[in-house]
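# Descriptive structure summary
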Amino acid sequence: MTRIGAILLRIGLLGIGLSLMAGCSDNWNTPYPGSETRANVLYSAFSERPKHLDPARSYSSNEVEFTGQIYEPPLQYHFLKRPYTLIPLTAEAVPKPRYFDAAGNALPDHPLSGQIAKSVYEIKIRPGIQYQPHPAFARDAAGRYRYHALDAAAMAGKTRIRDFAYTGTRELVAADYVYQIKRLANPRLSSPIFGLMSEHIIGLTALGAALEKAAQASPEATLDLDDFALEGAEVVDRYTYRIHIKGKYPQFIYWLAMPFFAPVPWEAEVFYAQPGMADKNLTLDWQPIGTGPYYLAENDPNRRMVLKKNPHFHGETYPGDDDTADRQAGQLLDAGKPLPFVDEAVFSLEKETIPYWSKFLQGYYDSSGISSDSFDQAVQFSAGGDPQLTDSMRDKDIHLITAVAASVWYVGFNMLDPVVGGLGEDRQKLRQALSIAFDYDEFISIFLNGRGIPAQGPIPPGLFGYVEGVAGLNPYVYEAREGQIQRRSLETAKKLLAEAGYPNGRDAQTGAPLVLYFDTMASGPDAKSRLDWMKKQLDKLNVQLVVRGTDYNRFQDKIRKGNAQLFEWGWNADYPDPENFFFLLYGPHKKVATGGENAANYDNTEFNRLFERMKDMDNGPERQRVIDAMLEIVRRDAPWIFAYYPKSFGLRHGWLHNVKPNLMANNTLKYRRIDPALRASRRAEWNRPVLWPIGLLVGALAAVIAPAAIAWRRREKSQA
Amino acid sequence: MFAYILRRLLYAVPILIGVNLLTFALFFVVNTPDDMARLQLGAKHVTPEAIERWKVEHGYDKPLLLNAKATGSAQLTDTIFFQRSAAMFAFEFGKGDDGRNIGNEIRTRMGPSLAIALPVFVIGLLVNITFALLMVFFRATYLDLWGVVLCVVLMSISGLFYIIAGQYFIAKLWNLLPISGFAGGIDGLRFILLPVLVSVMAGIGSGARWYRTIFLEEIGKDYVRTARAKGLSEVRVLFRHVLKNGMIPILTGAVVVLPLLFMGSLITESFFGIPGLGSYTIDAIQAQDFAVVRAMVFLGSLLYIVGLLLTDISYSWVDPRVRLQ
């Protein structure tokens, strides 16, 4: 029995060890060090590791989540105001373009588009803005850069930025912005917007060609961008620079609020270009240098990314506005207070939704999205169809945040296809009939848990050009009944189908059934139910839908070559302007002919003419009239089945404040405020360790081991 | 033995070239360099020029296997296959398409993978062998019967269930351990406990049952009868004789996986937030990052070859009758 005692003693010691180990913190299950319990740290998660943090390259939302806090373009979106409004960030003011004719003469403020040969944006940045501390700026007593000429010996043992003993800073100057614009043309960076910007910034194409030539001539050499001129970007003085745009491109102003146009100091490229840096992942792509409220203190995309407050941040205050709803929602309580509020933000990699959701409920994440698995646990719908939190969420003082995304999902018709394409009246009617049959109100209810709004056109809510309510309905698919928007009846769809030459889903001339093909990348059990639903929609018209599943590459290839017939696609806005959605239907952007973004290959002359007019107009009644005319054309032609505008649902704990969905701004971390004391007390309350299972386990083990040991001994004795 | 090891290592070279060629062929049957460029450049505003530039910058502008435009040996060497493969034999894996150094990434991720895999392997082996020996000791009794039933039940349950149940009960309901996460040093111990516990539990059923079969086969042999006839206790018979003679099949299964422990476990690491190598290959396949896929397949093949070699060597260690020639 002494052996049994020893085993039990060991198990007991293990339990004590566990207790001691967890005793460093109030909660045993905390994933954070005990010292952080009451720290002013915001905890969040990311599910996909970022690929690029270089402002010339990063474009995805999971990348901009970080770069947006570190880099500062000249402009930003007002955190609270709607519709989205641009305000200065590092600039003194939002620049107004000056227009010039082909002879270089200045034009008046509102010239005709045809007269404009060039637009010039002059941006004046505020003096005194400093970069984050970084070894690239460190100088010795003689003023020489400490780390700009490192050899292998000096690089030995340096694997992280914090391994460099000295850091420095310097003032932000206009040349840093111009330097970054040149970087967009660097072939070694493959900036995703180089092609687009080449169409607009004067001389960018030529710069790209010159850089490419230089890169090919010396593949190993670093390209010194100061040796290459860019006609379309000039430094006027220490704090002023100009960007020259071909013709008129009013949407360019929105690009000035994206990290693509944030400053990059030349010292950064010199520092990171040194031998041995890239091998240790010390590159600008992974170790950003900015002037923003935060800097990247820890960069382990496999585990966690940590942003810390930039000690040199130039200072900014929480905005105010006159919106009553914001005041009532408590969004204005911090107006005028200095930003940022949070000292540190820890982003942990969470690939799976189950641990992510559990940690949110335990209080270890301050906010969370809602996955389909946990939707019913978090949200219920009232009798009026409004989303509400469940009682269990409300008991935890969890708050629901909803917003309609600046995105649209659609089912595209390939307009080059002989069956569903073309602009003839019969084809229009066929597509209109199919648009009615696809009941996206039902789809949103079944597959999205109500997280979407049936789309009435390409422009989502919140953008200029979108018309709310009955006045904005798509009359070819919906109708107003008793002041409500209702989908047109199936009878209407059947009638349209018959008029299109397919009575009861059969070709009027040959009698053959109408068979359509839907190309999709979706696969797996979840996708199957969605695809079955799609087939069911067309069954209602006696039309057969054949689903052609394929992988991402082949799908892209089919769309590029125009081999698809029906396909599902979506678009997220780059900026809050209707041009960013209508251009998806602009004829000269056809996918097949030009490789553009018009995947449906729609090409209507009148629509194209109106688009060219609308894109250069300022927001106002005249522009709205043009937009209305364009909407009428695309609704009638129906190159897309306008599916839905997705609605994002998020949750936040009661200790997290200043959370207002802003789908355009990517630098919102600085506005977040937390109450660490409240969080610590809630975590302690929710995560008290339950010890009886350990006792039960010890007891169960004893109950199993003791008789076995006794039997063992008895057997040993009997054998002896 | 040295000559044998050297010969086996030399055999590995053509095997690795073959594996590399196969990986290359399979990868590029599914993905073209244009597809890779499109995925890396994102879904928006991608122009044909941008695709060409990306290919040039990443070395995918060359022919795949044979450069008909080149002359002499350059026909073979000025190709994607050669330029992307040759350096690997010097363990120069280059960079992934995201610009991160692959060798650095592997070194960084290997530690967390081992932090889970090694304890799971050692503890799992000990627990399984002990459990199997106990069942053998109590063979033909109700304890053996219920032990086997328990094993069958345990092995019938999906590995994912153990993870979800472990996280639910231990981390969420009883708040005893963190549900996921990782930390270096001693603080990392509390993150490792749950995945190790869950992984060991998930492996008991199949492991213990297999070892029980091995030991039962041994226990019926003449040398065991002789040992008992000499008056040795059952414990000595089991641990001194049966265990030692049962080691060959155990080693076959155990030693071969030893080097592969570096590669980590996809599901365990994913659910427990372990920044290991488990998901590196899968993520790379999804991102169409050929450089990483090729490096990981190469490394996996190499480790497997090393594992097989170690198994052969261990045979001669546990069984003096085995001679390596």
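Residues numbered from 1 in each chain as written. Chains lettered and ligands numbered in written order. Predicted model: local features only at pLDDT ≥ 70, side-chain atom pairs only at ≥ 80, totals over all residues.

## Some points on the overall build of chain A
Of the regular secondary structure elements, chain A holds 23 helices and 26 strands. Of all 720 residues assigned to chain A, the portion counted as buried reaches 41%. Considering only contacts within chain A whose residues lie at least 6 apart along the sequence, 69% involve residues at least 24 apart. (Helix = DSSP H or I, 4+ residues; strand = E, 2+ residues; numbered from the N terminus. Buried ≥ 20, exposed ≤ 12 C-beta atoms within 10 Å, placed from the backbone. Contact = placed C-beta atoms within 7 Å.)

## Looking at the sheet that holds strand 9 (residues 304–309) of chain A
Residues and elements named next belong to chain A. Taking strand neighbours across the sheet as the criterion, the four strands line up as 1-12-9-8 in an open arrangement whose pairing is mixed. The open sheet is flanked by strand 1 (41–46) and strand 8 (294–300), the only strands paired with a single partner. On average, each strand axis in the sheet is tilted by 20° relative to the strand beside it, whichever way the strands run. In this sheet, strand 9 lies alongside strand 8 in antiparallel orientation, the contact comprising six bridges. Of the residues in strand 9, the one forming a bridge with Asp300 is Arg304. Across the face of the sheet, helix 2 (residues 61–70) comes into contact with strand 1, strand 8 and strand 9 while running at roughly 140° to strand 8. (Pairing = 2+ DSSP bridges. Axes fitted to C-alpha atoms, helices over the stretch in contact; angles between N-to-C directions.)

## Quick word on the interface of chain B and chain A
In this assembly, 48 residues from chain B lie in contact with 53 residues from chain A. Looking at the side of chain B that touches chain A, the elements that each hand over two or more residues are helix 2 (33–41), helix 3 (48–58), helix 6 (102–137), helix 8 (159–173), helix 9 (189–219), helix 11 (234–245) and helix 13 (266–272) of chain B. With six residues, helix 3 of chain B is the single largest residue contributor to the side of chain B that touches chain A. When its residues are assigned to classes, the side of chain B that touches chain A shows 21 nonpolar, 14 polar and 13 charged. (Nonpolar A, V, L, I, M, F, W, Y, C, P; charged D, E, K, R; others polar.)

## Thoughts on the packing of helix 20 (residues 605–614) of chain A against helix 21 (residues 621–637) of chain A
All names here are of chain A. At a minimum axis separation of 10 Å, helix 20 and helix 21 run at an interaxial angle of 155°. Accordingly, the angle class assigned to the pair helix 20 and helix 21 is roughly antiparallel. Helix 20 and helix 21 meet at a crossing whose hand is left-handed. In this structure, helix 20 contributes Glu606, Phe607, Leu610, Phe611, Arg613 and Met614 to the contact, and helix 21 contributes Arg623, Val626, Ile627, Ala629, Met630, Ile633 and Val634. Split by residue class, the contact of helix 20 with helix 21 holds 10 nonpolar, no polar and three charged. (Parallel < 35°, antiparallel > 145°, perpendicular 65-115°, else oblique. Left-handed = near helix turned anticlockwise from the far one by under 90°.)

## Quick look at helix 8 of chain B
Between its terminal C-alpha atoms helix 8 of chain B stretches 20 Å, which fits the 21 Å expected from 15 residues at 1.5 Å a residue. Taken together, the buried positions of helix 8 of chain B are Ile163, Gly166, Gln167, Ile170, Ala171 and Lys172 of chain B. Summarising the contacts, the buried residues of helix 8 of chain B are in contact with helix 10 (353–362) of chain A together with helix 9 and helix 13 of chain B. With its phi angle positive at about 55°, Asn175 of chain B sits one or two positions after the end of helix 8 of chain B. (Expected span 1.5 Å × (residues − 1).)

## Section: the environment of Gln69 of chain A
Residue and element names in this part refer to chain A. Inspection of the secondary structure puts Gln69 in helix 2. The class for Gln69 is buried, based on 25 C-beta atoms found within 10 Å. Residues contacting Gln69, with those up to four places away along its chain left out, are Gly292, Pro293, Tyr294, Leu307, Asn667 and Leu669.

## Quick word on the nonpolar core
Where a protein is soluble and globular, its nonpolar side chains tend to be buried together. The biggest cluster of nonpolar side chains holds 183 residues, and the ones touching the most others in it are Ile181, Leu184, Tyr410, Ala433, Met630 and Ala643 of chain A. Here this core spans two domains, and each of domain 2 (72–270) and domain 3 (408–648) of chain A adds at least three residues to it. Among residues more than four places away in sequence, those in contact with Ile181 of chain A are Ile201, Leu230, Ala233, Ile243 and Phe261 of chain A. In terms of nonpolar packing, the next biggest core, distinct from the first, is built from 22 residues, Phe121, Leu176, Val198 and Ala202 of chain B among them. (Core = buried A, V, L, I, M, F, W, Y, C linked by C-beta atoms within 7 Å. Domains from an automatic or database assignment.)

## Structural notes on the domain arrangement of chain A
All names here are of chain A. As assigned here, chain A comprises domain 1 (3–28 + 689–719), domain 2 (72–270) and domain 3 (408–648). Look at where the C-alpha atoms of domain 2 and domain 3 centre, and you get two points 39 Å apart. With eight residues of domain 2 in contact, the opposing surface of domain 3 contributes seven residues.

## Comments concerning the sheet that holds strand 4 (residues 98–100) of chain A
Residues and elements named next belong to chain A. Strand order across the open sheet formed by four strands is 4-5-7-6, with antiparallel pairing between neighbours. Looking at which strands have only one partner, the edges of the open sheet turn out to be strand 4 and strand 6 (233–237). Direction aside, the axes of adjacent strands within the sheet are offset by 25° on average. Judged from the seven bridges that link them, strand 5 (residues 118–124) and strand 7 (residues 240–246) form a sheet pairing that is antiparallel. Of the residues in strand 7, the one forming a bridge with Glu122 is Arg242. Contacts from helix 4 (residues 174–183) reach strand 6 and strand 7, with the element oriented near 175° to strand 6.

## A word on helix 4 of chain A
All names here are of chain A. Among the 10 residues of helix 4, nine are classified as buried, and the element is accordingly described as predominantly covered. Of all the residues in helix 4, the buried ones are Ala174, Asp176, Tyr177, Val178, Tyr179, Gln180, Ile181, Lys182 and Arg183. In this structure, the buried side of helix 4 is in contact with helix 6 (204–217), strand 6, strand 7 and helix 8 (266–272).

## Overview of the environment of Ser681 of chain A
One can find Ser681 of chain A in helix 22 (residues 676–686). Separated by 516 residues in the primary sequence, Ser681 of chain A and Ala165 of chain A have C-alpha atoms spaced 38 Å apart.

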